[in-house]
Amino acid sequence: MDPTVTASGPIMSLRFYGAGGAFSRSYGTTCSGITLRSGDQWLIDCGRQAPDQLHAAGVSWHDIAGQIITHVHGDHVFGLEDFAFSRYFHTDRGVVSVREGGPRPRLVCHRAVREEVWQTMAAALRYVPDVEAPTSGTLETYFDVIDPVRAEPPAHEPWARAEHFDIAGLRMAARDTEHVPAKPSTSLEIHVGETADDDRIAWWSGDSTVMPQMLAELAPRTTVFFHDCTFTEYPGQVHGSFAQLEALPENLRRKIVLMHHEDDLEQQRTRAEALGFRIALPGHSYDLATGQRIR
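Since the structure is predicted, the reported quantities are computational estimates derived from the model, not experimental observations.

Asker: Quick question: what am I supposed to make of helix α3 (residues 80-89) here?
Answerer: In an α-helix, one turn spans 3.6 residues, which is why side chains three or four residues apart end up on the same side. When α3 is considered as a whole, its buried residues turn out to be Leu80, Phe83, Ala84, Ser86, Arg87 and Tyr88. Along its buried surface, α3 packs onto β6 (64-68), α2 (74-77), α4 (111-125) and α5 (139-142).

Next up, the structure:
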């Protein structure tokens, strides 16, 4: 049976194209794909290796309905220029180029993150050939930029604590989390319930320090936590410290899949798995409604 379909119908699944951290050479930079029950494919983040990762997996940019960005660092967004230009200029797999009137892929991210996406991409994307104003390009030139349906008031930073989205079968919240101090960075609460009153989510950390209280509060309705992890302890920690992750209660550890790890993973794997953690590797896929690995 196709692993994206069960006896009860299509499932929501997540596939890792890259599972390593910013400096990984063995596991690839961050890019993962979500397949919705409709069959639409979305990407979470788009690191510098994403174009090659998708190509190796036989996936075209033209297969992608939308892009989610958690925050702006190169290992999460440096593949976005390739995505934007490929869809704008090229026709592929029956999908007409944006330039010729084809559909723009959707872009979903917290508005504070969106501002930094444009700051990072503007030097390339503002230049549009064969138009009256050749420096008039914006994110909206290349993407259907989706606004939130509601936002939560600011907490510790001037931007919204969380923004909620509901677009074409994707319901999710982008929530402010602790990464680099004073930098917009969000975790994702992706709704995986099959009905409106089924509030189950799959949780994606983006990049975040360990926030035990938030994880504990989310745990009753979370099928799986995908958490970035570093086995290296250093001053000014900005990722999920394994020392803090292993201090979590067992019921939480057994729901966590460690990702965004370094290339020393195999030296730590036995210890991590003995504590109940699962390890993400490129090519792994998960059923988001159950939290179980399917490939």
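The rest of the description comes next.
Asker: What exactly am I supposed to notice about helix α9 (residues 265-274) here?
Answerer: For α9, the set of buried residues is Leu265, Gln268 and Ala272. The buried residues of α9 occupy an angular sector of 75° when the element is viewed end-on, so they sit on one face. Turned more than 90 degrees away from the buried face of α9, the exposed residues are Gln267, Thr270 and Ala274. In the segment just after α9, glycine 276 is the residue with positive phi, at about 100°.

Asker: Quick question: what am I supposed to make of the side chain of aspartate 287 here?
Answerer: Along the polypeptide, aspartate 287 turns up in strand β17 (residues 285-287). Within the buried core, aspartate 287 has no salt-bridge partner, and the shortest N-O distance to an opposite charge, that of arginine 37, equals 6.3 Å. Leave out the neighbours within four places in its chain, and aspartate 287 touches Ile11, Met12, Gln292 and Ile294.

Asker: Got a minute to help me understand the pairing of strand β9 (residues 150-154) in this structure?
Answerer: Looking down a regular strand, the side chains alternate between one sheet face and the other. Bridge count between β9 and strand β10 (residues 160-167): 4 bridges; the pairing is antiparallel. Paired with arginine 150 across the bridge in β10 is histidine 164. Hairpin connection, β9 to β10: the antiparallel pair is bridged by 5 residues.

Asker: Is there a simple way to explain the sheet that holds strand β7 (residues 106-108) in this structure?
Answerer: The pairing of strands in a sheet happens through backbone hydrogen bonds and is either parallel or antiparallel. Across the sheet, 8 strands lie side by side as β8-β7-β6-β5-β4-β3-β17-β18; this open sheet has mixed pairing. The strands lining the two open edges of the sheet, one partner per strand, are β8 (144-145) and β18 (292-293). One ladder, built from 5 bridges, connects strand β3 (residues 13-18) with strand β4 (residues 31-35); its direction is antiparallel. What sits directly across from phenylalanine 16, in β4, is serine 32.

Asker: Any chance you could explain unusual backbone geometry here in plain terms?
Answerer: Across residues other than glycine, the phi torsion is negative in most instances, and most of the peptide bonds are trans. One non-glycine residue, arginine 93, lies in the positive phi region at around 55°. Relative to the helices and strands, arginine 93 is located in the loop between α3 and β7. Residues other than glycine seldom take positive phi values, yet alanine 182 does so here, at roughly 70°. With respect to the helices and strands, the residue alanine 182 is situated in the loop between β11 (170-176) and β12 (186-191). You can call alanine 182 exposed: its relative accessible area is 56%.

Asker: Looking at this structure, how should I read the layout of surface pockets?
Answerer: Rolled over the atoms, a probe with the dimensions of a water molecule shows which regions are left empty. As a volume, the largest pocket reaches approximately 500 Å³. If you go around the largest pocket, you meet 20 residues; those closest to its centre are His156, Arg161, Asp176, Glu178 and Met211. Going through the elements one at a time, β11 and α6 (212-218) are the ones with two or more residues in the lining of the largest pocket. For the lining of the largest pocket, the residue count by class is 8 nonpolar, 4 polar and 8 charged.

Asker: Is there a simple way to think about the packing of aromatic side chains in this case?
Answerer: Each aromatic ring pair is described using two quantities: the centre-to-centre distance and the angle formed by the ring planes. Scanning the entire structure with this criterion turns up 14 aromatic pairs. Pairing tyrosine 88 with tyrosine 142 gives two aromatic rings, centres 5.1 Å apart and planes at 55°, and the pair type is tilted. Taken together, the residues span a long stretch of sequence, with tyrosine 88 in helix α3 and tyrosine 142 in helix α5 at a distance of 54 residues. Of the two residues, tyrosine 88 and tyrosine 142, both sit in the buried class. An aromatic cluster of three or more residues is present, and its members are Phe16, Trp204, Phe226 and Tyr286.

Asker: What's the story with the sheet that holds β12 in this structure? I'm lost.
Answerer: If you walk across this open sheet you meet the 8 strands as β9-β10-β11-β12-β13-β14-β15-β16, and the pairing is mixed. The open sheet terminates on both sides in strands that have one partner only, identified here as β9 and β16 (278-279). Pairing analysis gives 4 bridges linking β12 to strand β13 (residues 201-204), with the strands arranged antiparallel. For isoleucine 190, the partnering residue across the bridge sits in β13 and is alanine 202.

Conventions used here
- Residues numbered from 1 in each chain as written.
- Predicted model: local features only at pLDDT ≥ 70, side-chain atom pairs only at ≥ 80, totals over all residues.
- Heavy atoms only, no water.
- Buried < 20%, exposed > 50% of the residue type's maximum accessible area, 1.4 Å probe, protein only.
- Helix = DSSP H or I, 4+ residues; strand = E, 2+ residues; numbered from the N terminus.
- Contact = heavy atoms within 4.5 Å.
- Arc of directions from axis to C-beta.
- Lys, Arg positive; Asp, Glu negative; His and termini not counted.
- Salt bridge = Lys/Arg side-chain N within 4 Å of Asp/Glu carboxyl O.
- Pairing = 2+ DSSP bridges.
- 1 Å grid on protein atoms, 1.4 Å probe; cavity = no way out; pocket = protein on both sides within 12 Å on 5 of 7 lines; lining within 4 Å.
- Points joined across faces, edges and corners; volume = space filled by probe spheres on them.
- Nonpolar A, V, L, I, M, F, W, Y, C, P; charged D, E, K, R; others polar.
- Phe/Tyr/Trp six-rings, centres within 6.5 Å; stacked < 30°, edge-to-face > 60°.

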